[in-house]
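What follows is each chain in one-letter form.
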Amino acid sequence: MNKQAKIFVAGHHGLVGSAIVRRLRAAGYDNLVLRSRAELDLCEQAAVREFFRREKPEYVFLAAAKVGGIVANSTWPADFIYENLAIQTNVIHSAWENGVTRLLFLGSSCIYPKFAPQPMREEHLLTGELEPTNEPYAVAKIAGIKMCQSYNRQHGTHFLSVMPTNLYGPNDNFDLTSSHVIPALMRKVHEAKIHGAPTVEIWGTGTPRREFLHVDDMADACVYVMETPQARLDAQAAPFWNVGTGTDVTIAELAQIICDVVGYQGKLVFNTEKPDGAPRKLLDVRRLQDLGWKARIDLHTGLADTYQWFLQNQHRG
């Protein structure tokens, strides 16, 4: 990408989209096209087609999505599959119609089977049943991967896909109903500290293992892939790229690190009647590392950074 290229970051107010915007601007990309949901509803086909026809972006980061944790996925499964399918379909098709040079679709590690071999390699996609608690979301993300591949095959486009592990960082959603595990735990532990609560309840047994990637690392990986010459990408013949750290921790270990970061001295109580989700989700990230990219922010440092952001932005909910 040249510095003057017109770049559309879909979902720039979200966790990942805002980080991509920060990363692009830091690298000198100033010709960014940004639209809030109020300005452009990506679920509306006619509006998206008119936007692409008028703006003609050269590059697209498709970071817009409806996301959430176990509670949100279980409560609104229809919303998760409909909104994500609509967003992807409208943006990818319009990108092809208007000659976008390169598009990057952001998926999720939940695309892999619940009992996929660990660590999960890209070729494990569609080799087993999905985790039931987030299956509608996962199906939508799988469709996004296949849509990019199909347009590449039929139309010769350069639509790429990256599959991040669990993301966290500044601008995350800390709502206890709809958030992911890190912001939910961080808020619960923070409130327990403020109110002097002796215990904090953690859903599940605490034994599932999860991998976590700071969103600034994710943004760096996205820009890195988009900047990589096509010949290098073609040489790998990769269907998509996993993005993660290559290391994981148990939920119990994660909760303790958050307690340390927040400064909470109480006890963690595990509610084993609540669901655990998949027993382990660790990505094999060798393909992206072979391309030349590696995560740099360790978990403790990243969580401390996230907590400082939370303290300064609690009014956001």
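All values reported here derive from a predicted model rather than from experimental measurement.

Where do I start with the overall build of the protein chain in this structure?
Broken down by element type, the protein chain carries 11 helices and 13 strands. Computed over its C-alpha atoms, the radius of gyration of the protein chain comes to 19 Å, within 12% of the 20 Å expected for a compact globule of 317 residues. Projected onto its principal axes, the C-alpha positions of the protein chain cover 60 × 40 × 40 Å. Evaluated residue by residue, the protein chain yields a buried proportion of 53% over its 317 residues. The long-range fraction of contacts in the protein chain, counting pairs at least 24 apart against all pairs at least 6 apart in sequence, stands at 81%. Here the protein chain has roughly 13,800 Å² of accessible surface; of this, 50% comes from carbon and sulfur atoms. Charged side chains of the protein chain number 33 positive and 34 negative; the gap between the two group centres comes to 3 Å.

How should helix 9 (residues 251–262) be read in this particular structure?
Two residues of an α-helix separated by three or four positions point the same way, owing to the 3.6 residues in each turn. Taking 1.5 Å of rise per residue, the 12 residues of helix 9 would be expected to cover 16 Å, and the 16 Å separating its terminal C-alpha atoms lies within 8% of that figure. Turning to helix 9, its buried residues are Ile251, Leu254, Ala255, Ile257, Ile258, Cys259, Val261 and Val262. The positive-phi residue at the C-terminal boundary of helix 9 is glycine 263, with phi of around 85°.

Would you mind showing me how to read the environment of histidine 180 here?
Within the secondary structure layout, histidine 180 lies in the loop between strand 6 (166–168) and helix 6 (181–195). Of the residues examined, histidine 180 reaches a relative accessible area of 31% and is grouped as partly exposed. Along the sequence, histidine 180 and glycine 69 sit 111 residues apart, while their C-alpha atoms lie 4.3 Å from each other. When residues no more than four places from it in sequence are discounted, the contact partners of histidine 180 are Val67, Gly68 and Gly69.

Any chance you could explain the layout of surface pockets here in plain terms?
In this approach, a probe sized like a water molecule rolls over the atoms, and the result shows the empty space that is left. For the second largest pocket, the calculated volume is near 270 Å³. If you go around the second largest pocket, you meet 17 residues; those closest to its centre are Asn152, Phe159, Leu160, Ala238 and Pro239. Secondary-structure elements contributing two or more residues to the lining of the second largest pocket are helix 5 (135–155), strand 5 (159–164) and helix 8 (230–236). Per-element tally for the lining of the second largest pocket: the top contributor is helix 5, with 5 residues.

When you look at the pairing of strand 7 (residues 199–203) in this model, what are you seeing that I'm missing?
Two faces, one strand: in a regular strand the side chains alternate between the faces of the sheet. Taking every second residue as pointing to the same face, the buried face of strand 7 carries Val200 and Ile202, while none of Thr199, Glu201 and Trp203 on the other face is buried. Relative to strand 12 (residues 267–271), strand 7 is paired through 5 bridges, and the arrangement is parallel. Bridge pairing links threonine 199 to lysine 267 in strand 12.

Even after reading the chapter, I still don't get unusual backbone geometry, so can you show me in this structure?
Comment: phi is negative for the bulk of residues other than glycine, and the bulk of peptide bonds are trans. The linkage connecting glutamine 118 with the following residue, proline 119, adopts the cis geometry, with an omega of -5°. In this structure, lysine 56 is a non-glycine residue whose phi angle is positive, near 50°. With respect to the helices and strands, the residue lysine 56 is situated in the loop between helix 2 (45–55) and strand 3 (59–62). At asparagine 171, a position not held by glycine, the phi torsion is positive, near 75°. Relative to the helices and strands, asparagine 171 resides in the loop between strand 6 and helix 6. The class of asparagine 171 is buried, set by a relative accessible area of 18%.

Whenever I open this one, the environment of methionine 218 confuses me. Can you help?
Mapped onto the elements, methionine 218 comes out in helix 7 (residues 215–227). Separated by 104 residues in the primary sequence, methionine 218 and lysine 114 place their C-alpha atoms 23 Å from one another. Other than its neighbours up to four places away in sequence, methionine 218 contacts Val16, Leu106, Val162, Pro164, Leu167, Leu213 and Val243.

How do you make sense of the side chain of serine 36 when you look at a structure like this?
Looking at where serine 36 falls in the secondary structure, it is placed in the loop between strand 2 (32–33) and helix 2. On the basis of relative accessibility, which here comes to 16%, the residue serine 36 falls in the buried class. Every residue in contact with serine 36, bar those within four places of it in the chain, is listed here: His12 and His13.

Explain the sheet that holds strand 13 (residues 280–281) to me, please; I cannot follow it from the model alone.
Sheet strands pair via backbone hydrogen bonds, and the direction of the pair is either parallel or antiparallel. Here 3 strands make up an open sheet; going across it, the order is 11-8-13 and the pairing mixed. The open sheet has two edge strands, strand 11 (249–250) and strand 13, and neither has a second partner. Looking at chain direction, strand 8 (residues 209–210) and strand 13 are connected through 2 bridges and run parallel. Residue pairing across strands places arginine 209 opposite arginine 280, the latter belonging to strand 13.

It is not clear to me how the sheet that holds strand 2 should be interpreted in this structure. Could you clarify?
Read across the open sheet, the 6 strands follow the order 2-1-3-4-5-10; overall the sheet is parallel. Both outer strands of the open sheet, strand 2 and strand 10 (241–243), are each paired with one neighbouring strand and no more. Judged from the 4 bridges that link them, strand 3 and strand 4 (residues 102–106) form a sheet pairing that is parallel. Each bridged residue has a counterpart across the sheet, and for valine 60 the counterpart in strand 4 is leucine 103. Those strands touched by helix 4 (residues 77–97) are strand 3, strand 4 and strand 5, and its axis lies near 170° from that of strand 3.

Cut-offs applied
Here the residue index of a chain counts from 1 through its sequence in written order. Local features in this predicted model are restricted to residues whose pLDDT is 70 or higher, and side-chain atom pairs enter the listing and the counts only when it is 80 or higher, whereas totals over whole chains, interfaces and linings include all residues. Side-chain numbers here rest on the full set of heavy atoms in the structure, without hydrogens or water. Helix and strand assignments come from DSSP, with helices taken as H or I runs of at least 4 residues and strands as E runs of at least 2, each series counted from the N terminus. Using C-alpha atoms as the atom set, the radius of gyration is obtained and then compared with a globule rule of 2.2 Å times the number of residues to the power 0.38. Throughout, exposure labels follow a simple rule: accessible area from a 1.4 Å probe, protein chains only, divided by the maximum for the residue type, with under 20% read as buried, over 50% as exposed, and the rest as partly exposed. The criterion used for residue contact is that any of the two residues' heavy atoms lie within 4.5 Å. Computed with a 1.4 Å probe, the accessible areas rest on the Shrake-Rupley method; for each residue, only the protein chains presented here act as cover. All tallies of charge rest on Lys and Arg as positive and Asp and Glu as negative; His and the ends of each chain are not included. In plain terms, the charge of a residue is placed at NZ if it is Lys, CZ if Arg, CG if Asp and CD if Glu. To estimate how far a helix should extend, the number of its residues minus one is multiplied by 1.5 Å. A 1.4 Å probe that fits into a set of points on a 1 Å grid over the protein atoms alone but cannot get out defines a cavity; an open set with protein on both sides within 12 Å along at least five of seven lines defines a pocket, and lining residues are those with an atom within 4 Å of a point. Grid points are joined across faces, edges and corners, and a volume is the space filled by probe spheres set on the points. Note on pairing: two strands pair once DSSP finds at least 2 bridges between them. Here, axes are lines fitted to C-alpha atoms. For helices the fit covers the stretch in contact, and angles between N-to-C directions go from 0 to 180 degrees.

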